[in-house]
Amino acid sequence: MKAIDETVTESIRLHNVADVPVGSFLSEGVDSSYVTAVLKPKEVFSVNFANGPFDEASVAKELADEKGLNFNVETVDGDEAFHDFAEMQYHLDEPDANPSVIPLWYLCRMARRKVTVALSGEGADELFAGYVNYGMHTKKRGHQGVRQRLEQAATRRALFARPRHQEAAKLPGQGAPVHPHR
């Protein structure tokens with residue numbers, strides 16, 4: 001755990017070398033919470049979906065409030081996402097069926113209004129077993145052990161709080177570089 005913490009902290013430190021403001025994408029996941037807690041940016045960004053089964057913004061706001069960060073959230077509805085989808089695909093330069101493209105598009109667009117660079121925890125939930133899909137409620141001992149040890153390490157550092165009762169899954173892949181065209 002110490003080696004993981006040192007490696008992640010060093011990576012965040014190195015990616016925070018910028019002559020422009022650096023923000024952070026923040027969901028309810030272990031990945032973005034970890035990055036945000038270590039980075040301590042002034043601005044954090046989250047996307048929520050109207051009438052959707054996922055609400056990551058409320059948990060993300062709890063961490064932002066706890067750390068004194070400026071929480072920026074945007075709620076997107078299905079009509080808006082459908083309207084913008086062709087432009088999203090255009091900027092990807094190729095078709096992409098990953099549903100995370102939609103929240104990433106809105107995160108990048110929102111973040112660009114306030115920062116030039118934004119860090120994310122992209123892909124770390126798979127490693128840290130941070131959601132239902134990646135082992136949060138699994139019976140597999142390996143996933144449970146990794147998750148428990150990471151939670152213990154994070155709690156000791158008071159990096160972030162994670163509600164244990166959470167049962168909602170998330171779409172994989174929250175966070176990406178800020179898109180320069182918006």
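Everything numeric in this text was worked out from a predicted model, so none of it was measured.

1. Remarks on the environment of Lys42
Then step 1. Turning to its location among the elements, Lys42 is positioned in the loop between α2 (30-39) and β2 (43-49).
Then step 2. Between the C-alpha atoms of Lys42 and Asn70, which are 28 residues apart in sequence, the distance is 5.9 Å.

2. Details of the pattern of salt bridges
Then step 1. This model, assessed by the stated rule, comprises 8 salt bridges.
Then step 2. Note that Lys114 and Glu43 form a salt bridge whose closest N and O atoms lie 3.7 Å from each other. One end of the pair, Lys114, is in the loop between α5 (101-112) and β4 (117-119); the other, Glu43, is in strand β2, with 71 residues separating them in the sequence.
Then step 3. The partner of Asp65 in a salt bridge is Lys61, and the shortest N-O contact between them spans 2.8 Å. Here Lys61 and Asp65 lie together in helix α3 (residues 57-67), a separation of 4 residues that amounts to about one turn.

3. A look at the packing of helix α1 (residues 2-15) against α2
Then step 1. Put simply, α1 and α2 touch, their axes get as near as 10 Å, and they point 65° apart. By the criterion of interaxial angle, the relationship of α1 to α2 is roughly perpendicular. Where α1 crosses over α2, the two elements pack in a sense that is right-handed. Where α1 abuts α2, its residues Ile4, Asp5, Val8, Thr9 and Ile12 lie against Tyr34, Val35, Val38 and Leu39.
Then step 2. Across the contact of α1 with α2, the residue classes break down as 7 nonpolar, 1 polar and 1 charged.

4. Quick notes on the pairing of β2
Consecutive residues of a regular strand have side chains that alternate between opposite faces of the sheet.
Then step 1. In terms of burial, β2 is a largely internal element, 6 of the 7 residues being buried.
Then step 2. For strand β1 (residues 22-25) and β2, the ladder comprises 2 bridges, and the chain directions are parallel. Following the sheet pairing, Ser24 is matched in β2 by Val44.
Then step 3. Taken together, the 7 bridges between β2 and strand β3 (residues 70-76) define a ladder with parallel strand orientation. Of the residues in β3, the one forming a bridge with Glu43 is Asn70.

5. Re helix α4 (residues 78-92)
Then step 1. With 15 residues, α4 ought to run about 21 Å at 1.5 Å a step, and its terminal C-alpha atoms sit 20 Å apart, in line with that.
Then step 2. Of all the bends in α4, the greatest measures close to 45° and is centred on Asp84.
Then step 3. Among the residues of α4, those classed as buried are Ala81, Asp84, Met88 and Gln89.
Then step 4. Residues of α4 that are buried in the fold lie against β3 and α5.
Then step 5. Capping of α4 at its N-terminal end is provided by Asp77; its side-chain oxygen lies 3.1 Å from the backbone amide nitrogen of Asp79.
Then step 6. Taken from the residues just after α4, Asp93 is the one with a positive phi, measuring 70°.

Parameters and conventions
In this numbering scheme, every chain counts its residues from 1 along its sequence in written order. It should be noted that, the model being predicted, local features are given only for residues of pLDDT at least 70 and side-chain atom pairs only at 80 or more, the latter also being counted only at that level, while totals for whole chains, interfaces and linings use all residues. The side-chain quantities take in all heavy atoms of the structure and omit both hydrogens and water. Comment: elements are numbered from the N terminus, with helices defined as DSSP H or I runs of at least four residues and strands as E runs of at least two. Counted as salt bridges are all cases of a side-chain nitrogen of Lys or Arg within 4 Å of a carboxyl oxygen of Asp or Glu. Between N-to-C directions, angles span 0 to 180 degrees; the directions come from axes that are lines fitted to C-alpha atoms, helices contributing only their stretch in contact. When describing relative orientation, an angle under 35 degrees is termed roughly parallel and one over 145 degrees roughly antiparallel, while 65 to 115 degrees is termed roughly perpendicular and anything else oblique. Take the far helix as your reference; a near helix turned counterclockwise from it by less than a right angle gives a left-handed crossing, and one turned clockwise gives a right-handed crossing. In this analysis, two residues are considered to be in contact whenever any of their non-hydrogen atoms come within 4.5 Å of each other. Under the scheme applied here, ten amino acids are nonpolar (Ala, Val, Leu, Ile, Met, Phe, Trp, Tyr, Cys and Pro), four are charged (Asp, Glu, Lys and Arg), and all others, including Gly, are polar. Note on exposure labels: buried denotes an accessible area under 20% of the residue type's maximum, exposed denotes more than 50%, and partly exposed covers the range between, all computed with a 1.4 Å probe on protein chains only. We treat two strands as partners when DSSP finds at least two bridges between them. Here the expected length of a helix is defined as 1.5 Å per residue gap, with one fewer gap than residues. What is called the bend at a residue is the angle between a pair of axes, fitted to the seven residues leading up to and ending at it and to the seven starting from it. Counted as a polar contact is a pair of N or O atoms within 3.5 Å, where, for protein atoms, one must be capable of donating a hydrogen and the other of accepting one, and residues adjacent in sequence contribute only when both atoms are in side chains.

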